[in-house]
Amino acid sequence: MSVEKKPDGSCGEVKFFAINDMFKKSYYDLFAENESGEKPSFDDFEKHIEGQLYTAHLPKEPNFEDECFKAAWNKEYINTYVDTTKMYGFWTQNILLPVCGESDDPNIAYCQFLYTLSKDMDSGKYAAVSPDIASFVIKTCLELRNEKEFRSSLFTVTKDIREYTNATAAAVMTIDQDIKEYKILSGDAIGDATDPEKAFSTISYDIVASWNNLLKETNSIIIKDENDMAEMEKKNPAWVETLKQYKVTSVCLFPFIHQQEITGYLFITNFDTKNVIRVKETIELVSFFLSSEIANHLFLQRLEYLSNVDMLTGVFNRNCMNVNVDELALKLEFDPKPFNVAFCDLNGLKTINDTGGHDKGDKLLVNAAEVLKEIFNDDKIYRAGGDEFTIISFSSKDVFEEKIKHLREKASDPEWLHFAIGYYHDAHDGNLRLAMRYADEQMYIDKDKFYKQYPNKRR
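Treat the numbers as computed from the prediction; the structure is a model and nothing was measured.

**A short note on the overall build of the protein chain**
In terms of helices and strands, the protein chain carries 17 helices and 14 strands. Its C-alpha radius of gyration of 31 Å places the protein chain more than 25% over the 23 Å reference for a compact globule of 459 residues. Classification of the 459 residues of the protein chain by burial places 47% in the buried group. A separation of at least 24 residues holds for 63% of the contacts in the protein chain among residues at least 6 apart in sequence. Taken as a whole, the protein chain presents about 23900 Å² of accessible surface, with 50% of it coming from carbon and sulfur.

**Concerning the environment of Gly430**
Within the fold, Gly430 resides in the loop between strand 14 (419-426) and helix 17 (432-453). Assessed through its relative accessible area of 5%, Gly430 is described here as buried. Placed 102 residues apart in sequence, Gly430 and Leu328 show a C-alpha to C-alpha distance of 9.6 Å. Residue contacts for Gly430: discarding those within four places in its chain leaves Leu332, Glu333, Pro336 and Phe339.

**Examining the side chain of Asn347**
Mapped onto the secondary structure, Asn347 falls in the loop between strand 11 (339-346) and helix 14 (349-356). Residue class for Asn347 comes out buried when judged on its relative accessible area of 1%. A polar contact is formed between the side chain of Asn347 and the side chain of Lys447, at a distance of 2.8 Å. Asn347 has contacts with Trp416, His418, Phe419, Ala420, Lys447, Phe450 and Tyr451, leaving out every residue within four places of it along the chain.

**Thoughts on the side chain of Glu65**
Mapped onto the secondary structure, Glu65 falls in helix 3 (residues 62-73). Apart from residues no more than four positions distant in its own chain, Glu65 is found in contact with Cys11, Val14, Tyr54 and Lys60.

**Some remarks on the packing of helix 13 (residues 318-334) against helix 17**
Orientation of helix 13 relative to helix 17, taken along the N-to-C sense of each, is 115°, at an axis distance of 8 Å. In this structure, helix 13 contributes Val325, Asp326, Leu328, Ala329 and Leu332 to the contact, and helix 17 contributes Leu432, Arg433 and Met436. Its residues assigned to classes, the contact of helix 13 with helix 17 comprises 6 nonpolar, no polar and 2 charged.

**A short note on empty space enclosed by the protein**
Counted according to the given criterion, the structure contains 5 cavities of 30 Å³ or more. Of the voids in this model, the largest cavity is the one considered here, and its volume is about 470 Å³. Forming the boundary of the largest cavity are 27 residues, of which Leu58, Glu61, Phe64, Tyr88 and Asn94 lie nearest the centre. At the level of secondary structure, the elements contributing two or more residues to the lining of the largest cavity comprise helix 1 (21-31), helix 3, strand 3 (78-84), helix 4 (85-88), strand 4 (90-98) and strand 5 (108-118). Here the lining of the largest cavity takes 4 residues from helix 1, the largest share from any one element. Of the residues assigned to the lining of the largest cavity, the class counts are 16 nonpolar, 7 polar and 4 charged. By volume, the second largest cavity is sized at about 200 Å³. Along the walls of the second largest cavity sit 16 residues, with Lys60, Glu61, Pro62, Met232 and Lys235 positioned nearest its centre. Elements that contribute at least two residues to the lining of the second largest cavity include exactly helix 3, strand 8 (221-223) and helix 10 (226-235). Here the element with the most residues in the lining of the second largest cavity is helix 10; it accounts for 4 residues. Partitioning the lining of the second largest cavity into residue classes produces 7 nonpolar, 3 polar and 6 charged.

**Examining the pattern of salt bridges**
In this structure the tally under the stated criterion is 23 salt bridges. Between Glu67 and Lys280 there is a salt bridge, with the nearest N and O atoms lying 3.9 Å from each other. One end of the pair, Glu67, is in helix 3; the other, Lys280, is in helix 12 (residues 276-308), with 213 residues separating them in the sequence. Lys280 shares its class with Glu67; the two are buried. Close ionic contact of Arg433 with Asp326 constitutes a salt bridge, the shortest N to O distance being 2.6 Å. Here Arg433 is found in helix 17, whereas its partner Asp326 is found in helix 13, with 107 residues between them in sequence.

Conventions we followed
Residues numbered from 1 in each chain as written. Predicted model: local features only at pLDDT ≥ 70, side-chain atom pairs only at ≥ 80, totals over all residues. Heavy atoms only, no water. Helix = DSSP H or I, 4+ residues; strand = E, 2+ residues; numbered from the N terminus. Rg over C-alpha atoms; globule rule 2.2 N^0.38 Å. Buried < 20%, exposed > 50% of the residue type's maximum accessible area, 1.4 Å probe, protein only. Contact = heavy atoms within 4.5 Å. Areas by Shrake-Rupley, 256 points an atom, 1.4 Å probe, with all protein chains shown as cover. Polar contact = N/O pair within 3.5 Å; in protein donor to acceptor, adjacent residues only side chain to side chain. Axes fitted to C-alpha atoms, helices over the stretch in contact; angles between N-to-C directions. Nonpolar A, V, L, I, M, F, W, Y, C, P; charged D, E, K, R; others polar. 1 Å grid on protein atoms, 1.4 Å probe; cavity = no way out; pocket = protein on both sides within 12 Å on 5 of 7 lines; lining within 4 Å. Points joined across faces, edges and corners; volume = space filled by probe spheres on them. Salt bridge = Lys/Arg side-chain N within 4 Å of Asp/Glu carboxyl O.

Below, the structure is given as structure tokens:
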């Protein structure tokens, strides 16, 4: 590769200078497509590739240019092993070697570029990393595998990453492209940097989702200076605007990839750009191991959700209620405090199922749950049975009774949404099961009143 040094000392044009036949054939098979997606003949390709800018067939990659520049001009040996399966279907090992000797042009220096591709990750290639990188990666893996709660370990790892990269802020986030949401799992900041969770609370999902398109061309995004920022602004002006808003001048963005899909990101701002290659190599490795841990965490979260949440209505299910009631009953027995219980049973659900079908009955259940979530938004709501919901609340008696009054107003349509409601306030006894029995009895009294008024809806 020939690498130009600009008058200001930055990297200029990077070109293919001399190429062996094996590289030509491999490069042709992987990358030789024009803008319409068609390949030229190999003979035509071979005639013109030497002397071309590397960007003739590949996207501009500031990280690659930086590595070429350091190898050619700083005479550094560079060996990186990265997961490029999302882009090319292979793991890639890149080796850049400085070429000694002087060029006829004082603004040109040379480096040798070699690469190997493998379908599967070769753990032996990680042995080439420097001791300090290996030590940090091992420390990260051990922290993630200890006996502490996952989020606690993740906060420690995030803080360690920020300190290792000498950054002002670092964050680990997940993204769910199905429901179009992202979530900060952990963040750490120092000095005047805005806490990541606070900063991202102002950033839309669309901004975070836009990173996926940027990463179709590379396995990571590193912005190390004004030139890189200007290039990124051409590709994604909306994102760069948010970076400038928070006075971010350098960025590392590494995806977590599981089964070829991006499940989250490691996001680092204002890091030590003097050691960009070491930072890149380290965080690539850390991100690879974090990817599996994040995937495992999301899987366990999903299992917990499925075991505790009613899939039709989105409120907690009976299994969750039984566990919570057992735990809460024991706590209240030893430490009594005021609480409220309500039983809300849908009137006429069987009639609606019989006349309109179960789809209509399901819509009624969803509608009922939405009303309950709206009114009892800071309380525990359970679907205790087919048409019965239970609420446990620690609101004051007055506040809870006001919520019950509001519920009666919202759920008073005998042709659609109408609840039979029974509730009980326990001021000091702390007997949860007894309170539930009292509330249940009141609910059945209320239900009898409904069916006396509307006998044709009796089940």
